[in-house]
Amino acid sequence: MSKPFVVPVQADSVCQPPSSTEFLIDRTFRALARLGVVVILALVAALVFEIGSKAVPGIQKYGLDFITGTVWDVNQQKFGILPAIWGTLYSALMALLIGGFFGVTMAIFLTQDFLPPRVAAVFRTIVELLAAIPSVVYGLWGIYVVIPAIRPLTDWLSQSLGWIPFFGSTLSGPGLLPAALVLAIMILPTIAAVSQDALRSVPLKTKQAAYGMGATHWEAILQVIIPAAATGIFGALVLGLGRALGETMALAMLVGNSNQISLSLFSPANTLAALLALNFPEAGPNEIEVLMYAALVLMLITLAVNVAGSLIMAYSQRGSK
Amino acid sequence: MTDLSSSLSAVPSLQRKFETRALRSILLTTITWVSAMLASVPLFSVLYMLITRGGARLSMEVFTELPPAGFEMGGGFGNALVGTFVMVGIAALIAIPVGILAAIFLAELGPQSKLANSARFAAKTLTGLPSILAGVFAYAMVVLTTGSYSAPAGGIALAVLMLPIVVLTAEEAMKMVPKIMKDAAHGMGCTNSQVIWHVVLPTAMPAILTGVMLAVARAAGETAPLLFTALFSNYWIYDGGHINAMSPTASLAVLIYNFSGMPFDNQLELAWAASLVLVLIVLVVNIVSRLVGKTKI
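These notes cover the structure that comes with them. Predicted model only: the values in this text are computed from it and were never measured. Every chain is numbered on its own, with residues counted from 1 as its sequence reads. Written order determines the labels here, with chains lettered from A and ligands numbered from 1. At least 70 in pLDDT is required for a residue's local features to be given in this predicted model, at least 80 for side-chain atom pairs to be given and counted, and no such filter applies to totals for whole chains, interfaces and linings, which use all residues. Hydrogens and waters are ignored; side-chain quantities use all the structure's heavy atoms.

Structural notes on the interface of chain B and chain A
Here a residue-residue contact requires only that any non-hydrogen atoms of the pair lie within 4.5 Å. The interface is formed by 79 residues belonging to chain B together with 73 residues belonging to chain A. Carbon and sulfur atoms make up 80% of the surface buried where chain B meets chain A, a total of about 6,800 Å² over both sides. Here a salt bridge means any side-chain nitrogen of Lys or Arg lying within 4 Å of a carboxyl oxygen belonging to Asp or Glu. In this assembly, chain B and chain A are joined by 2 salt bridges. A salt bridge links Glu128(A) to Arg290(B), with the nearest nitrogen and oxygen atoms 2.7 Å apart. Each polar contact in these results corresponds to two N or O atoms within 3.5 Å; when the atoms are within protein, one needs to be able to donate a hydrogen and the other to accept it, and residues that are neighboring in sequence are counted only if both atoms are side-chain atoms. Where chain B touches chain A, the interface holds 12 residue pairs in polar contact (both at pLDDT 80 or more). Numbering of helices and strands runs from the N terminus; a helix is a DSSP stretch of H or I covering at least four residues, while a strand is a stretch of E covering at least two. It is helix α2 (residues 20-57) of chain B that contributes the most residues to the side of chain B that touches chain A, 21 residues altogether. A breakdown of the residues in the side of chain B that touches chain A according to their chemical character gives 56 nonpolar, 20 polar and 3 charged. Two parts placed together each lose some accessible area under a 1.4 Å probe, and adding up what both lose gives the buried area. Under the scheme applied, nonpolar residues are Ala, Val, Leu, Ile, Met, Phe, Trp, Tyr, Cys and Pro; charged residues are Asp, Glu, Lys and Arg; polar residues are all the others, including Gly.

Below, the structure is given as structure tokens:
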């Protein structure tokens, strides 16, 4: 062992250079820490490799027809996931529309001096608790509370405004709208939390300048603070979308699992994650291949959205510094 | 006289006029208040349902008995509770040591190195991984290799979800340790690992614990990764003197999912009671983590 600390000290001095055992321990510990980092990288690599390599037979057999096909029938060996992709995007965008509005409003409400600090803390806790409830509990709640609660409204809409494609069918239980509503509640905390950070990072001086020019509270918020925090809020929305695309349980329980492409908010649909959740437990070897293919497609979609979200967040943080 | 009136007319009127922008402010504030209230409704509705429907069924026997079949009455979810603890325990045993070690490297040993930057990016990407894909991964890696659904497979799937949370929160916690304290320790001749063990880790411990507990709470509530890794079972994991480690294992979350679609009232009541228990576990861990995190450095 080399000893870089060798200094002329007396043998009985209190000050001693680290002993060779201590150096050994130091080296081992640092190597262990490095190993921990390598494990993370290896995990991501293994994740992509496992899902990718298991999907290869499915890709060779079905190719791009798998993505454009609309039938999922195990008996006929026909597999297509276009309806699931459609349902994934449609439900996630609906959820983003609703959850985004409430999430950003909540963030404005909590950061722009509407409330005394104590009351704001109560609302902040409510939002954090919303994030803590497991998705399967939301699913159960959705089946027995949300669906019965919205049914009168959806019946009325489909009867009187049925000519609009969005209201084209009646809600017969599970469907896209209840799924999107519950999904919106689940992504609200993410959007609210990240948007709050963005709004808080707007310098106080900017706000004071707006007030100094005679802006009202809302003029300052809408015309000065939100534009200043826009990149961060946009990043929050993209991260929320990423979460909505990958959410499984609430959708598996509420979306209805029917392979159809429909604009109607009230008809049952399917999503990629729900397709995996429902078919995996009972799948035979043939079906496993195509399910792995579907998992790969889901991974690529969420990866693209999440990386875009992270890049936007990094960009907005660089701008605010 | 004329001088005064002309100078008066130059002064703008101080009388308050009705302004549309004031009206708009009031309107927007009202909308904001209403939206905030509406956004809080789901939480209270969920809690209300859990307490009324789940609380009605809660008794000692649901914690000690096995899930009922079809038309059976009674029963409970004792095995699912045990299964959840076992699988979250396995996940914690894997994710916490690896996560904290990696965080030490990211925060202290090589924060700007290429390895650290790519690992940080990998961890951030993992936080956005749909939980079902963690299940697909564990299925491909463990279930297909060992040939059976099992508790370790479920635990590994949960570990994949816990790891990035532990890494990122622990890194943040260690970055908060004042540089002066580390410099002082280095100045006394400590090796890097002595500084980490005796200064950085003890100082950052409350915040690290917060992250760890949040990760545990998240894992306890996850369903999707367990659906086809641990599957479900109607029996105890510990049976007849030996542990059935490599067999399907029940968990609270999967029990709720399975029972939610059943047409029997008994199962449905149990699903609500199990939800109440699950939410209580998650909330208690959450609240404790917050209390721990409040401990000042």
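Section: the environment of Leu237(A)
Residue and element names in this part refer to chain A. By the secondary structure assignment, Leu237 is in helix α9 (residues 230-246). Here's how the labels work: a residue is buried when its accessible area is under 20% of the maximum for its type, exposed when over 50%, partly exposed in between, all with a 1.4 Å probe on protein chains only. By relative accessible area, which is 23% here, Leu237 ends up partly exposed. When the C-alpha atoms of Leu237 and Leu130 are compared, they prove to be 17 Å apart, with 107 residues separating the residues in sequence. Excluding its chain neighbours within four sequence positions, the residues that come into contact with Leu237 are Leu96, Gly100, Val104 and Ile191.

Digging into the pattern of salt bridges
Residues and elements named next belong to chain B. Evaluation of the coordinates by the stated rule reveals 14 salt bridges over all chains. A salt bridge links Glu108 to Lys182, with the shortest nitrogen-to-oxygen separation between them at 3.2 Å. Of this pair, Glu108 sits in helix α4 (residues 78-109) while Lys182 is found in helix α8 (residues 179-187), placing the two residues 74 residues apart along the sequence. Under the relative-accessibility criterion, Lys182 is labelled buried at 14%.

Re the packing of helix α5 (residues 114-127) of chain B against helix α7 (residues 151-175) of chain B
Residue and element names in this part refer to chain B. Where α5 contacts α7, the two axes come as close as 9 Å, and the packing angle between them is 130°. Compared by their axis directions, α5 and α7 come out oblique. Here α5 and α7 pass one another in a crossing that is left-handed. Between α5, through Arg120, Ala123, Lys124, Leu126 and Thr127, and α7, the contact on the second element is made entirely by Val160, Pro164, Leu168 and Glu171. Class assignment for the residues of the contact of α5 with α7 results in 5 nonpolar, 1 polar and 3 charged. For helices, the axis comes from a line fit to the C-alpha atoms of the stretch in contact; other axes are also lines fit to C-alpha atoms, and the angle between any two N-to-C directions lies between 0 and 180 degrees. Roughly parallel refers to an angle under 35 degrees, roughly antiparallel to one over 145, roughly perpendicular to one between 65 and 115, and oblique to any angle outside these ranges. Two helices cross in a left-handed way if the nearer one is turned anticlockwise from the farther one by less than a right angle. They cross in a right-handed way if the turn is clockwise.

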